[in-house]
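# Fold and geometry: a report
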Amino acid sequence: MSVLEVKDLLISFNQYTSGLKQQQLNVISNLTITLEKGEILAVVGASGSGKSLLAHAILGILPSNANVSGTLRYDGEVLTPAKQASLRGSEIALIPQSVNYLDPLMRVGNQVRTSARVENPVTAQRKVFERLHLHENVEKMYPFQLSGGMARRTLLSTAIVSGAKVIIADEPTPGLDPVVIKEAMESFRELADSGCAVMLITHDIVSALSIADKIAVFYAGTTVEIAPVENFAGDGEALRHPYSKALWRALPQNDFIPIPGAQPHPGDLPPGCLFAPRCPLATPECDRGQPEMRTLRDGMVRCIHAT
Amino acid sequence: MRKNAGVKIGSFILMKCIRMLTLLFAICLISFLLIKNSPIDPVQAYIGADMLKVGPEQRERIAEYWGLDQPVIVQFLNWGSALLKGDLGTSMIFRRPVSEIIGERFVNSVVLMLTAWVLSGVIGFVMGVVSAMKKDTWIDRIIKLYCYTLASTPTFWMGLLMLIVFAVWLGWFPIGLGVPAGVLAEDVTIADRLQHLILPALTLSVLGVANVALHTREKLIDVLASDYVMFARARGEKGFLLFWRHGLRNIALPAITLQFAAFSELFGGAVLAEQVFSYPGLGQATVEAGLRGDVPLLLGLVLFSTIFVFAGNLIADIIYYVVDPRTRESRTI
Ligand code: SF4
């Protein structure tokens, strides 16, 4: 059974346009994914496509003006706000993007200790720091004194000391050098191998491919394909959705062909398939409503013409 | 590294002091010239009501005795060198050395200002915190309304209102002065003094909270919307613990520095409040010195208040420098 199940998630914000007219912005819609024990699911997509909100929705820490619908389940149990509050930090842990997520006026050792759900937080924190090769001095430092790599490992240690079973890493690699990225990725693999379920939200497909088991391709607020990592090979012929194929081919080590056009703005979504305006395979049927997610081979796809 | 930080703070304070000295010099020069060019005739101010009995010859002799016939720059230098020796001159109204009067009045004022300063700081801070934590509820609206109204209320008006309500109508407090009238100085008790202190202090505090409260509210709202508070919530922290761990830490420092930097407003407020309550403090002395042309006293007070306000700002800067780890500890340990 899946540890975490997200079904038909919809996140919208009310936006005031000209005058007092309200417009509903669907930042995430029809999003369905599942997370298994010991597995890494990478949610990949362009930056600024609302991927972080997915993490916040699972934890129940969206801003109060967000409207959420859909079902979330943890261990088969429906996640209510109260349930989310009790699981936050103990069962489900977030690894945020950057050092800005640490309190600037608190020593990092203390911040890691407050995440620990064990009897002796100090030893727990020291153990994790040692395991992640963080020097003992680091616990006495303030966030502004950390290097990029140190900050990364500190944020990671907050998740490890919490003993959470589900770990959601939100853009863990921006602005880091390749060595640190590799190290971060390996630590996620270790976490998964020790039985955690890891959700890796990132725009860095290449790094994600190096460790993930499954890839969920995120486009304009929804998942268009969920594929085993092995499908990302060759010309992308094993991939199902035109966007995934294009994304794969746009990588520098492949053909490096950019996808023409841009992602639609949440206030201005196409009526049918969200990818239709940029899709080379689009037909008039594609504009007749958003395609359902369907199972195809050993993955899932949201495209009526996918084979 | 520690030593290095010490040197850094040392040079920081030194720089501030040099600035203070240049500022003081400028203030001395400007206020001296202003008074020189004002319609106050020092001889007349000195003689006062006896003016009619003094002939023009005698007046000239006084002017000569005081060096008033010399060029302005020489007069300034004379005054300046006396000042450097610690001689502020003699007050014409009180016929006593200026430094003595300032010292005496300062003791009265400092009690008043300190009380108002602590009260307004603490109450304002708490109001700001409550307002931010309960943002957009009725309590936040009331606090905001209160602060905006008070921020635009003149001190003297508030003082008069307090007097009318608490001293005249209710009769709870004396109407003015620092001690009861008609009682020998040695018979005045601490309780008497306290009773005379409460209304002016209250007036100043009631007005003083607005600034701190609004500032703290803004700051805390920012902090609560920050990434690190979001992450703290993601780790299961909430409610008072969250505020205690991450909120207080990040808003206390700006609030304290703001409070020190507000010394100038405190002094300005005290001048008005003391006048309304006839409270014998520095503020009242300033008004009298100005109105009655007591030049030495006025200049002394100007210098003193400059130092006072500057000290407040200096303390604010030093606190920021010393307490905030981002400036205190250098990047490499
Ligand atoms: S449904 Fe049509 S437009 Fe959408 S991806 Fe498939 S082929 Fe392209």
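All of these numbers come straight from a predicted model, not from anything done at the bench. (Residues numbered from 1 in each chain as written. Chains lettered and ligands numbered in written order. Predicted model: local features only at pLDDT ≥ 70, side-chain atom pairs only at ≥ 80, totals over all residues. Heavy atoms only, no water.)

### Regarding the sheet that holds strand 4 (residues 66-74) of chain A
All names here are of chain A. Rules: Two strands form a pair only when DSSP identifies at least two bridges running between them. Helix and strand assignments follow DSSP, with helices taken as H or I runs no shorter than four residues and strands as E runs no shorter than two, numbered in order from the N terminus. Two residues form a contact once any of their heavy atoms are found within 4.5 Å. Axes, fitted as lines to C-alpha atoms, cover a helix only where it is in contact. Angles between the N-to-C directions of the axes lie from 0 to 180 degrees.
Strand order in the open sheet formed by four strands is 2-1-4-5, with antiparallel pairing between adjacent strands. Each of the sheet's edge strands pairs with one partner strand only, and the pair in question is strand 2 (22-35) and strand 5 (77-78). Sitting on the sheet, helix 1 (residues 51-59) is in contact with strand 1 (4-16), strand 2 and strand 4, with an inclination near 110° to strand 1.

### Things to note about the domain arrangement of chain B
All names here are of chain B. Which entries qualify depends on this criterion: Note that the domain bounds reflect an automated or database-derived domain assignment. Each of two parts loses accessible area, computed with a 1.4 Å probe, when they are put together; buried area is these two losses added. Salt bridges are counted wherever a side-chain nitrogen of Lys or Arg sits within 4 Å of a carboxyl oxygen of Asp or Glu.
Segmentation of chain B into domains returns domain 1 (2-84) and domain 2 (98-328). Counting from both sides, the interface comprises 18 residues of domain 1 and, opposite them, 17 residues of domain 2. With both sides pooled, the region where domain 1 packs onto domain 2 buries about 1,700 Å², and carbon together with sulfur makes up 86% of that total. It is F12, M20 and I35 in domain 1 that bury the most area against domain 2; as a group they hold 29% of the surface buried on that side. At the junction of domain 1 with domain 2, the criterion picks out one salt bridge.

### Concerning the interface of chain A and chain B
What counts here: Two N or O atoms count as a polar contact when they lie within 3.5 Å, although within protein this holds only if one can serve as hydrogen donor and the other as acceptor, and sequence-adjacent residues are included solely when both atoms are side-chain atoms. Asp, Glu, Lys and Arg are counted as charged, while Ala, Val, Leu, Ile, Met, Phe, Trp, Tyr, Cys and Pro are counted as nonpolar; the rest, among them Gly, fall into the polar class.
The interface is formed by 27 residues belonging to chain A together with 21 residues belonging to chain B. Taken together, both faces of the contact between chain A and chain B bury some 2,400 Å²; the carbon and sulfur share is 58%. Sorting the residues of chain A by area buried against chain B places Y101, L105 and F144 of chain A first, and these three jointly supply 29% of that buried surface. Our enumeration of links across chain A and chain B arrives at eight residue pairs in polar contact (both at pLDDT 80 or more). Elements with a minimum of two residues in the side of chain A that touches chain B: helix 1, strand 6 (92-95), helix 3 (108-115) and helix 5 (148-162) of chain A. By residue number, the principal contributor to the side of chain A that touches chain B is helix 3 of chain A, which donates three residues. Here the residues of the side of chain A that touches chain B are counted per class, giving 15 nonpolar, eight polar and four charged.

### Concerning the packing of helix 11 (residues 263-277) of chain B against helix 12 (residues 282-291) of chain B
When two helices pack together, their arrangement is captured by the angle between the axes and the distance separating the axes. Residue and element names in this part refer to chain B. The line we're drawing: If an angle is under 35 degrees, it is roughly parallel; if it is over 145, roughly antiparallel; if it lies from 65 to 115, roughly perpendicular; otherwise it is oblique.
Two numbers describe how helix 11 lies on helix 12: the axes approach to 7 Å, and their chain directions differ by 75°. Classified by the interaxial angle, the pair formed by helix 11 and helix 12 is roughly perpendicular. Contacts between helix 11 and helix 12 involve F267, V271, E274 and Q275 from the former and L282, G283, Q284 and V287 from the latter. For the contact of helix 11 with helix 12, the residue count by class is four nonpolar, three polar and one charged.

### Section: the packing of helix 3 of chain A against helix 4 (residues 121-131) of chain A
All names here are of chain A. Selection rule: By the definition used in this description, the sense in which the near helix is turned from the far one sets the handedness, with an anticlockwise turn below a right angle giving left-handed and a clockwise turn giving right-handed.
As a packed pair, helix 3 and helix 4 sit with axes 9 Å apart at the nearest point and diverge in direction by 110°. Taken as axis vectors, helix 3 and helix 4 run roughly perpendicular relative to one another. In the crossing of helix 3 with helix 4, the sense of the turn from one axis to the other is right-handed. Residue-level inspection shows G109, V112 and R113 of helix 3 in contact with helix 4, the latter providing P121, V122, Q125, R126 and F129. Broken down by class, the residue content of the contact of helix 3 with helix 4 amounts to four nonpolar, two polar and two charged.

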